[in-house]
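Per-entry structural report
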Amino acid sequence: MADQSIQDIIPDNDQTRARHEHLNSLRQLVGNVYPNKFTRSQVVEPGHEDTITAIGARFRAYEPTIAEGDKPTPEEIEKANQELNKVTVRLAGRIAAPPRVMGKAAFVHLSDGAGRLQVYVRKADVKAVNNDTGALIEEEGKGWELFGLLDHGDFIGAEGYLFVTRTGELSVHVQTLQFLAKALLPLPDKMHGINDPELRQRQRYVDLIAGSLKLDREEGELTPREVFERRSAIIRELRGYLEEHGYIEVETPMLTPLATGAAAKPFETYHNALGIPLYARIAPELYLKRLLVGGFEKVYELNRNFRNEGISSRHNPEFTMLEFYWAYADVNQMMDFCEEMIRTTVMKAVGDTKVRFGEHEFAFSQPFRRLSMREAIATSWRLRFQYCQSAVEIVDEWFDDGKRIAFLAQFLKLLGLASLDPVMEQAFIGAERQKYLNQEFAFAWENARTYQELTDSRGQQASAVAEDLLYLFEELAEPTLIQPTFIYDYPKPISPLSKASPTDPTVAERFELFIAGMEWANGFSELNDPAEQFQRFNDQVQQRERGDEEAMVMDEDYIRALSYGMPPAAGIGIGIDRFTMLLTNRQSIRDVILFPHLRPERKREETEDPPTSE
RNA sequence: GGGCCGAUAGCUCAGUCGGUAGAGCAACUGGCUUUUAACCAGUGGGUCGCAGGUUCGAGUCCUGCUCGGCUCACCA
């Protein structure tokens, strides 16, 4: 470690050598090459420093309106410049592209990360600032010399007056130039930016720079910066909506003695002073409900959860969750509230209720569909097996019958959906294909009959039926739920923290929101009977003992809290990362998390070690 | 963890049947005082992810490994 060199980080090649040489020459010319500040003008709004974006927004209206490929007339330019030339600005930014030098004058674009503005530098009248004294270097040609030592990516400050060029672009005619900071590493290609997803995620700073400097942008495509600005807007709007409706934000422990509130494997750590293991929380749920016991009627928490599970395009080990609880409300009121909150957030954060996500477009202005889980399975069964004669004879009542549910789950496992996807192929289905599907169906059906004894006994166990129902739902229905749809009436055994329905004791008052075949929110009427909660925890503990690592553990303090009385309440969790994916049209969670988890980079020295045999 | 695909100049990418490593952008030198993917002329730049193997000869074929992408399983 001690013999690490900066050369391991900044490689020695023609690009970096040129930049180092420029930096050394700049040091001779202006002194301190890492000055402490640059004071910008306040032309647009007194009290606020001018940014490149702000100057562009304020003065771009002076650009003559011209057709594509045309140039404005000298009269139009003269008219704009009469006003613009009176405005002197001091701006700072990053050099957004290699300077275009034409002998004794040059153009270059500056970027503030969001917007860009062109500056014009002329050998005859540009002056450099000495960074040690802060004074202008009066010697002839020094400003132009400084300009010549600038590279794509450097930060500079510039003072000058506004004008429009012969082609009609708003620009700054620079009179004084101050060097602010060097980009010693070369920036990505100005046209293509950076494509390697590994580089983009590992070095998000480069991704953000490249996205803002890239010239070749597709229409409607969000830059990485815009994705994260939208993420921020989504979070801001959700908070605002909840605050408006009387919720208060709370912070509950991230490090907890028990990993509770969800079914997941936790990260474990150790507290030295207490001498106990601690777990990174997998959900704040049980703490938030303790606050309902404590008398808060509306609470929310918007923060990170941690789960020690796989990493994929939809899973990051730490992810952001919004959870909130509403005393005296039930699951139906929560669905209404959730729907309106999402509709409002989409409208405010995206600026439109129409959202495109991959091949789908959603109209959030429309009421969300609502289906019970059984209705959803029955509907999708008819849709997916519409070309199988024997399948359409199955009626909805089958999905209320435990033995038949167990049988259908067995049948579906034997059939396998890989060979049969009528949803995808219904448009192209032919007579031969239909005949084949019917044969496959009949074969799997007969095959499933040989398991009937097993499925009949399975059908008498509530938890097994719950699993089979969920299996049918996930296999058949989930992929068909494209437009926003609430699914309600979840089997009770898979919902250990939710209250049973008053009309059907086998189902929980629980719902999930599906969009584009994926789950986006999970809410329920909260179980507040300590005796029943104790029993449900015990069931979970038994499942855990049977080897289910993700079954919940007993939380005695939570039972004690409920024993002081918790008001009836509804609660919900919404995954913010996935919600951001939906509203920014990103297919990977890594595109909406600034620094997603990746395997650590291996240094070359380490790879030279002989591989350990394992 | 399984399957499929990928890694070549700073960036984006070609590289045919196994026969001296290529382009555009970027960099460097010269020219050019309103350009805009500026232009014109020239120059330099490579551990072909890593380690083995086959071969007279490997970017190319084989094996192992590393990292990444997609996908399946688990999950939000």
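Residues numbered from 1 in each chain as written. Chains lettered and ligands numbered in written order. Predicted model: local features only at pLDDT ≥ 70, side-chain atom pairs only at ≥ 80, totals over all residues. Heavy atoms only, no water.

As a structural note, the neighbourhood of RNA strand B is formed by 51 residues, with Asp-14, Thr-167, Lys-190, His-315 and Arg-578 the closest of them. Between a base nitrogen of RNA strand B and a side-chain N or O atom of Gln-15, the distance comes to 2.8 Å. Residue Glu-169 places a side-chain N or O atom 2.7 Å away from a base nitrogen belonging to RNA strand B. Those elements that place two or more of their residues in the surface near RNA strand B are helix H1 (14–30), strand E2 (100–101), strand E3 (105–111), strand E4 (116–122) and helix H5 (197–202). Taken together, the residues of the surface near RNA strand B sort by class into 15 nonpolar, 15 polar and 21 charged. (Near = heavy atom within 4 Å. Polar contact = N/O pair within 3.5 Å; in protein donor to acceptor, adjacent residues only side chain to side chain. Helix = DSSP H or I, 4+ residues; strand = E, 2+ residues; numbered from the N terminus. Nonpolar A, V, L, I, M, F, W, Y, C, P; charged D, E, K, R; others polar.)

We now examine the pairing of strand E20 (residues 518–525). In terms of burial, E20 is largely enclosed, as six of its eight residues are buried. Where strand E19 (residues 507–515) meets E20, six bridges bridge the pair, whose relative direction is antiparallel. Looking across to E20, one finds that Phe-514 is bridged to Glu-519. Where E19 folds back onto E20 in an antiparallel hairpin, the turn is made up of two residues, including Ala-516, whose phi is positive at roughly 55°. (Buried < 20%, exposed > 50% of the residue type's maximum accessible area, 1.4 Å probe, protein only. Pairing = 2+ DSSP bridges.)

In this section: the nonpolar core. Where a protein is soluble and globular, its nonpolar side chains tend to be buried together. Grouped together as the largest cluster of nonpolar side chains are 42 residues, with contacts concentrated most on Leu-322, Phe-324, Met-341, Phe-364 and Leu-582. For this core, the element with the highest residue contribution is helix H9 (residues 331–350), accounting for nine residues. Setting aside anything within four residues of it in sequence, one finds Phe-364 in contact with Ile-342, Arg-343, Val-346, Thr-353, Val-355, Pro-484, Ile-515 and Leu-582. Ranked by size, the runner-up nonpolar core spans 40 residues in total, among them Val-121, Val-126, Ala-158 and Val-172. (Core = buried A, V, L, I, M, F, W, Y, C linked by side-chain atoms within 4.5 Å. Contact = heavy atoms within 4.5 Å.)

Two numbers describe a pair of aromatic rings. These are the distance of the centres and the angle of the planes. Summed over all chains, the structure comprises 27 aromatic pairs. Seen from their ring centres, Tyr-247 and Phe-324 are 5.3 Å apart, and the 80° between their planes marks the pair as edge-to-face. Taken together, the residues span a long stretch of sequence, with Tyr-247 in the loop between helix H7 (224–244) and strand E9 (248–249) and Phe-324 in strand E14 (residues 318–327) at a distance of 77 residues. Residue Tyr-247 shares its accessibility class with Phe-324, and that shared class is buried. Of the aromatic side chains, those joined through ring pairs into one cluster are Trp-381, Phe-385, Trp-398, Phe-399, Phe-407, Phe-411, Phe-441 and Trp-445. Positioned above the aromatic ring of Trp-398 is the side chain of Arg-404, whose terminal nitrogen or guanidinium carbon lies 4.3 Å from the ring centre. (Phe/Tyr/Trp six-rings, centres within 6.5 Å; stacked < 30°, edge-to-face > 60°. Lys NZ or Arg CZ within 6 Å of the ring centre and 35° of its normal.)

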